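Architecture and fold: a report
Take a look at the letters that make up each chain.
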Amino acid sequence: MNIISLNQVNHAFGGPKLLDSVSLQIESGDRICLLGRNGAGKSTLLHLLNNDSPPDSGEIIRQQGIKTAYAPQEFPEHWEGKVRSYLQRILITQGTEPHLANISVEQTLSQLDLDPEAELSTLSGGLKRRALLAAALVQDPDLLLLDEPTNHLDIAAICWLETFLLRLRKTLIFISHDRTFARNLANRIVELDRGQLQDYRCDYATFLERRHNVLNSEDRAWARLDQKLAEEEIWIRKGIKARRTRNMGRVRELHKLRDERRQRRDRTGQVRLQLETGQRSGQMVMEAKGLSFNYDENQVIDSLNLRIMRGDRIGLIGPNGSGKTTLLKILTEELQPTAGQIRHGTNLQIAYFDQLREQLDEDRSVKQNIADDHDQVIINGNPRHIYGYLQDFLFTPERARTPVRVLSGGEKNRLLLAKLFTHPANLLILDEPTNDLDMETLDLLEELLLDYQGTVLLVSHDRSFLNNVVTSSLIFNGKGKIEEVIGGYDDWLATKQQPETPQKKEKVKPSQRKERPRKLSFKEKKELESLPTQIDTLETEQTELHQRMANPDIYKEGNGSQVTALKERLQRVEIELEKAYVRWDELDQIQE
């Protein structure tokens, strides 16, 4: 049964239409995921459905008595006071009798496990998201509209929200770029693309297949149109003899083809990401031993031992506030540990993506944040015009001249990536880079990281992103302990859900003594102490050999014996380096 229908709705804000003669029927029981590029008009559509403003033209037909409620993407600055009082004010403002308002508020607070006496301004990010949901649900809507409900939530909170919304049994339209959230919750996908709504009455996995086919069909239709238009343009420009015998019907068809091509709205360009790896780092990138960090009396990190090797892509998974960003700052020596040691490998070049975007100057323009007042940036050793480079990240020249403070969250994240990728790096540290990015940009960022030859440390609450990118994960339990597991989020979940099988205890004969753990001999201790210096020396020589062999002059005629000697020495160094690492690992395990 249709509860809301859009009929030939048009809406714009000065530029191309965000909604261009769109029609849509929303049925009771739908859980619609609304997809589209950043800035496509998704939030605008939710506001129209919530009756916050009328469309420019067309009509929105609502079933009699239908109620909608909208939960915004950002927590409103004007929200203040205690949670219970604020919810009560919402209902009383709408004309609900006080005693009925109290009953609804208490039911909603219980449903969402919110403290009624908590001050709204002091709530954590996850609890603020629950308060936004409470403000919508307390109105008992027939249609619930959620704008990016998973933004800045940790994985546990996202999983709770999924379960809650599935049990809620309300008609739902939500905007989300979280692919796992969309896959688990949506039973229908609607995509807003170039002012048009594409309706896919299926789950998210099926949508991906159907959308691929739709875009391929569009490409073929456009190619046919362009070819026919080119042929007709050649015909119309033929000599005077051909013009005398011109078929006027064919001329009218040409005008029609021109109009069709002129009115076509090309797809928004794809972000083009490229990243310079920089110099090759040492085999061992970082090592932490007995690492601890306390904040007042709170143990954030407790006796962590960690070795990061070149090529590792490590995901950091855990609740908000569990110490993930703190560990990154300690590893990059921005913070000093309370106890323990950190050792960096050789030739380390670090690029850091900060989730708070503090590397961006909000008052300067997009262009100035990348290149100051210069017109060029150096990318992969080659100069590029700043506007051309920024267009790779979907910033038009006009947008590149605007202050950063007016950008959307997704645009700021794209800008931070653009800034990050101007610096050669062999260690990428990415602290929640996926927030606010649309799905196409997420896919491209995944591909970039999979092809990247350096090392990656990644904090993200996007389960699909973690599963697709990382080779191992550090799991933060929120009490200082950090567990290392192979694979991404689903791999950790699988190990967590496996039932533990009780081990059979072997009977020990009275004459049988329990073997004592072996300790390092004096000679082995000295060897272990000398291995880091030995490895540093070998890695430095390895780097020098690579640099000498990269010099084109060495391959000139007459230098054949020198090239052969360099190759042989490089091979010996790499063998010695591998043996040193194996020995270091052996002795280190005995010591532990």
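Residues numbered from 1 in each chain as written. Predicted model: local features only at pLDDT ≥ 70, side-chain atom pairs only at ≥ 80, totals over all residues. Heavy atoms only, no water.

1. So, the overall build of the chain
Tallying secondary structure elements over the chain gives 19 helices and 20 strands in all. Pairs at least 24 apart in sequence give 68% of the contacts found in the chain among residues at least 6 apart. As displayed, the chain offers around 31,900 Å² of accessible surface, 47% of which is attributable to carbon and sulfur atoms. (Helix = DSSP H or I, 4+ residues; strand = E, 2+ residues; numbered from the N terminus. Contact = heavy atoms within 4.5 Å. Areas by Shrake-Rupley, 256 points an atom, 1.4 Å probe, with all protein chains shown as cover.)

2. Some words on unusual backbone geometry
Positive phi, normally seen in glycine, also occurs at S303, with a value near 55°. By the element assignment, S303 lies in strand β11 (residues 298-309). Judged by relative accessible area, S303 falls into the partly exposed class, the value being 43%. Of note in the backbone geometry, N347 takes a positive phi value of approximately 55° without being a glycine. Here N347 is to be found in the loop between β13 (339-344) and β14 (350-353). (Buried < 20%, exposed > 50% of the residue type's maximum accessible area, 1.4 Å probe, protein only.)

3. Examining the pattern of salt bridges
For side chains of opposite charge, pairing can occur when their charged atoms come near one another. Within this structure, the stated rule accounts for 26 salt bridges. As a salt-bridge pair, R201 and E27 come within 3.5 Å of each other at their nearest N and O atoms. Of the two residues, R201 sits in the loop between β9 (196-200) and α7 (204-236) while E27 sits in strand β2 (residues 19-27), which places them 174 residues apart along the sequence. Looking at R201, the relative accessible area reads 45%, which means it is partly exposed. Overlapping salt bridges bring together E27, D30, R188, D199 and R201 as one network. (Salt bridge = Lys/Arg side-chain N within 4 Å of Asp/Glu carboxyl O.)

4. Some details on the pairing of strand β19 (residues 472-476)
Of all 5 residues in β19, 5 are buried; the element is thus mostly enclosed. Here β19 shows two buried faces, one formed by S472, L474 and F476 and the other by S473 and I475. Relative to strand β20 (residues 482-486), β19 runs antiparallel, the two sharing 5 bridges. If you follow L474 over to β20, its bridge partner there is E484. Between the end of β19 and the start of β20, which pair antiparallel, lie 5 residues, with G478 showing a positive phi angle near 85°. (Pairing = 2+ DSSP bridges.)

5. Observations regarding the side chain of R179
When you line up the elements, R179 lands in helix α6 (residues 179-185). Not counting residues within four places of it along the chain, the set of residues in contact with R179 comprises Y204, M439, L442, D443, E446, D462, S464, F465 and N468.

6. Remarks on the environment of E148
Locating E148 in the fold gives a position in the loop between β6 (143-147) and α5 (155-168). E148 sits 29 residues away from H177 along the chain, and the two C-alpha atoms are 7.6 Å apart. Residue contacts for E148: discarding those within four places in its chain leaves Q73, R129, I175, S176 and H177. Side-chain polar atoms of E148 contact the side chain of H177, separated by 3.3 Å. (Polar contact = N/O pair within 3.5 Å; in protein donor to acceptor, adjacent residues only side chain to side chain.)

7. Quick look at the pairing of strand β17 (residues 427-431)
In terms of residue burial, β17 counts as a mostly covered element, since 5 of its 5 residues are buried. Neither face of β17 is exposed, since L427, I429 and D431 on one face and L428 and L430 on the opposite face are all buried. With 4 bridges joining them, β14 and β17 adopt parallel strand pairing. Along β17, the bridge assignment pairs I350 with L427.

8. Re the sheet that holds strand β5 (residues 68-71)
Spatial strand order, β5-β6-β7-β3-β8-β9: 6 strands in an open sheet with mixed pairing. Looking at the sheet topology across the chains shown, the edges are occupied by β5 and β9. Taken over all neighbouring pairs, the strand axes of this sheet differ in orientation by 20° on average, direction set aside. Sheet analysis places strand β3 (residues 31-35) next to strand β8 (residues 188-193), joined by 4 bridges and oriented parallel. Counterpart to L34 in the pairing with β8 is V190. (Axes fitted to C-alpha atoms, helices over the stretch in contact; angles between N-to-C directions.)

9. Let's talk about the packing of helix α2 (residues 83-93) against helix α3 (residues 98-112)
α3 packs onto α2 with a crossing angle of 130° between their chain directions and a minimal axis gap of 9 Å. Relative to α3, the element α2 lies oblique. The handedness of the crossing between α2 and α3 comes out as right-handed. Contacts between α2 and α3 involve V83, R84, L87, Q88, L91 and I92 from the former and A101, N102, S104, V105, E106 and L109 from the latter. In the contact of α2 with α3, the residues fall into 7 nonpolar, 3 polar and 2 charged. (Parallel < 35°, antiparallel > 145°, perpendicular 65-115°, else oblique. Left-handed = near helix turned anticlockwise from the far one by under 90°. Nonpolar A, V, L, I, M, F, W, Y, C, P; charged D, E, K, R; others polar.)

The analysis is restricted to geometry; functional conclusions fall outside its scope.
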